[in-house]
Amino acid sequence: MAIENDLVAHPAMLVLARESRGWTQADLVAAMSKLDGGNRISQGYVSRSEAGRLAVRGDRLALFAAALHYTPKMLCSASELRGVGVGLIHHRKRASLGMTDLRRVHAVLACTRWQVDALTEALHPRCDHRFRPVEVTDIDSPQDAADTVREEWGVASGPIKDLVGLLEDAGALVVVRDLQTAALDAVSQWPPQGTPLFLLNSAAPGDRFRFSLAHELGHVVMHTRPGDAKQQEREADLFASQFLMPADVIIDDLQQGVDLPKLLALKDRWGTSMAALIRRAYSLSIIKEWQYRNLMVEMSALGYRTREPGQVPRETPQHVAQVVTRLARQQNLDTAQAANLAGLDPEEFHEIYLCVPSSDAPWDSAHP
Ligand SMILES: [Zn+2]
């Protein structure tokens, strides 16, 4: 591939690109050497390139790009200009998630922002959104924050049928991908002057997916500064519960009795797991602690803590697909050209953004 000579790789993008593939420098050296007809690339070379101690351009840039499956242009982008890697990152994850996976997911998040921004900017330079920080104080609880967001966005009372659509309408970027770990459901980031981005694991069932997205929404609006991690997790869960299952409406449903058949029907109506509904009933004092425990024991005995009955359809983001359609209509770009704008090869672009995988794998619902 011929590359313009003035293109020089940005060291931080080289690191991000490699980490997004979950590769060590040695993995990248192996991939590059294989592509370069067995000419051995040294690890020292990769390491110096990533440290910015030598300039990567021309054939070597093409080799990095081919090995990493990103375009040379992406590797040369001044990442900080796009808010990549800027702003607090929030999660819904388990303690078992290791540092290596966490670094990989953060790199995927940064690359996702670059990809979606590059596409969207080709259509319109500024992206407006309706997100506003909502502070939690001694007087205003996470539940109040959830009510505030519902009110500001004009959400009708009762269940939210299309949570992803609601967030996309408010201007958020929502991307669903196989994050290659069961220990993480979602990450989110709202950089200053940027658009909130939510990256969700496609491996989760629909009900869990929705709760994770609402949890991340809570983080993004309430937690604009770092704070006590455990407290922020609790607050994000309280926000998610109230946002998806507002007390004033769900109370009537739960007061008609809380048993497994009723929970299954409520799961269908509210799009939340039976376990989340049981926790909701307990937190609203509709059931006592012993009833809560009994229900959870019953759920365990039936294997429902791993795989609940009843399927909540997994929601699919529309924004990127719509951008691709509009690029085709307004600028005559085909999917391969759109992929190129997003810095990806067409197969991967299609896989990530145009056909979101779904999974039916057993999923331990014991968290949080
Ligand atoms: Zn969280």
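Residues numbered from 1 in each chain as written. Predicted model: local features only at pLDDT ≥ 70, side-chain atom pairs only at ≥ 80, totals over all residues.

Engineer: Please give an account of the overall build of the protein that cites residues and values.
Structural biologist: Within the protein one finds 17 helices and four strands. By the burial criterion, 43% of the 368 residues in the protein qualify as buried. (Helix = DSSP H or I, 4+ residues; strand = E, 2+ residues; numbered from the N terminus. Buried ≥ 20, exposed ≤ 12 C-beta atoms within 10 Å, placed from the backbone.)

Engineer: Can you tell me about unusual backbone geometry, naming the residues and giving the values?
Structural biologist: Its identity is not glycine, yet Gln180 carries a phi of approximately 55°, on the positive side. As for its placement among the helices and strands, Gln180 is situated in the loop between strand S2 (173-177) and strand S3 (184-189). C-beta crowding within 10 Å serves as the criterion here: with 13 such atoms nearby, Gln180 is assigned to the partly exposed category. Despite not being glycine, Asn332 has its phi angle at roughly 60°, a positive value. Within the element layout of this structure, Asn332 appears in the loop between helix H15 (319-331) and helix H16 (335-341).

Engineer: Please give an account of the environment of Ala172 that cites residues and values.
Structural biologist: Relative to the helices and strands, Ala172 resides in the loop between helix H8 (163-169) and S2. For the pair Ala172 and Trp190, spaced 18 residues apart in the sequence, the C-alpha separation amounts to 9.3 Å. Setting aside its immediate chain neighbours within four residues, Ala172 contacts His129, Phe131, Leu167, Thr195, Pro196 and Phe198. (Contact = placed C-beta atoms within 7 Å.)

Engineer: Go over the sheet that holds S2, please, and point to the residues and values.
Structural biologist: With mixed pairing, four strands are arranged side by side in an open sheet as S1-S3-S4-S2. Looking at the sheet topology across the chains shown, the edges are occupied by strand S1 (89-93) and S2. Across the sheet, the mean angle from the axis of one strand to that of its neighbour is 15°, orientation sign disregarded. Across the sheet, helix H6 (residues 99-123) touches S1, S2, S3 and strand S4 (197-201), and the angle it forms with S4 is around 125°. Lying over the sheet, helix H9 (residues 206-222) contacts S1, S3 and S4, oriented at roughly 30° with respect to S3. (Pairing = 2+ DSSP bridges. Axes fitted to C-alpha atoms, helices over the stretch in contact; angles between N-to-C directions.)

Engineer: Let's hear about the domain arrangement of the protein: which residues, and what values?
Structural biologist: According to the domain assignment, the protein contains domain 1 (1-77) and domain 2 (84-368). Just the C-alpha atoms count here: the centres of domain 1 and domain 2 sit 34 Å apart. Residue-level contacts link eleven residues of domain 1 with twelve residues of domain 2. Looking at the side of domain 1 that touches domain 2, the elements with two or more residues in it are helix H1 (11-20) and helix H5 (72-75). Ranked by residues supplied to the side of domain 1 that touches domain 2, first place goes to H1 with four residues. (Domains from an automatic or database assignment.)

Engineer: For the packing of helix H7 (residues 142-152) against helix H10 (residues 229-244), give the residues involved together with the corresponding values.
Structural biologist: Relative orientation of the contacting elements H7 and H10 amounts to 45°, with a least axis distance of 8 Å. Classified by the interaxial angle, the pair formed by H7 and H10 is oblique. Like other packed secondary-structure pairs, H7 and H10 cross with a definite hand, here right-handed. Facing Pro142, Gln143, Ala145, Ala146, Asp147, Val149 and Arg150 of H7, the residues of H10 in contact are Glu235, Leu238, Phe239, Gln242 and Phe243. Within the contact of H7 with H10, the residues separate by chemical class into seven nonpolar, two polar and three charged. (Parallel < 35°, antiparallel > 145°, perpendicular 65-115°, else oblique. Left-handed = near helix turned anticlockwise from the far one by under 90°. Nonpolar A, V, L, I, M, F, W, Y, C, P; charged D, E, K, R; others polar.)

Engineer: Help me get a handle on the pairing of S2, residues and values and all.
Structural biologist: Counted residue by residue, S2 has four buried out of five residues, so it is predominantly covered. Note that S2 and S4 share five bridges and pair parallel. Bridged to Val174 within S4 is Phe198.

Engineer: Explain the nonpolar core to me, and be specific about the residues and the numbers.
Structural biologist: Counting residues in hydrophobic clusters, the biggest one holds 101 residues, and the most contacted among them are Phe64, Leu75, Leu167, Phe198, Leu199 and Leu213. Of all the elements, H6 adds the most residues to this core, at ten residues. Domain assignment of the residues forming this core places at least three in each of domain 1 (1-77) and domain 2 (84-368). If sequence neighbours within four positions are ignored, Leu199 has contacts with Val108, Leu109, Thr112, Val175, Arg177, Ala186 and Val187. (Core = buried A, V, L, I, M, F, W, Y, C linked by C-beta atoms within 7 Å.)

Engineer: Can you tell me about the environment of Arg269, naming the residues and giving the values?
Structural biologist: Along the chain, Arg269 falls in helix H12 (residues 260-270). Residue Arg269 is classed as exposed on the basis of its C-beta count, with 12 C-beta atoms lying within 10 Å.

Engineer: Can you lay out the packing of H6 against H15 for me, pointing to particular residues and giving the numbers?
Structural biologist: Contact pair H6 / H15: the axes reach a minimum separation of 10 Å and the direction vectors enclose 40°. Considered as vectors, H6 and H15 are oriented oblique to each other. Here the hand of the crossing between H6 and H15 comes out left-handed. From H6, Val116, Leu119, Thr120, Ala122 and Leu123 reach across to H15, where they touch Val320, Val323, Arg326 and Leu327. Split by residue class, the contact of H6 with H15 holds seven nonpolar, one polar and one charged.

Engineer: Explain the confidence of the model for the protein to me, and be specific about the residues and the numbers.
Structural biologist: Of the residues in the protein, 92% have a pLDDT of 70 or more, and the chain-wide mean is 91. Between residues 359-368, whose pLDDT stays under 50, and residues either more than four places distant or in other chains, the model counts 19 contacts. (pLDDT = per-residue confidence, 0-100.)

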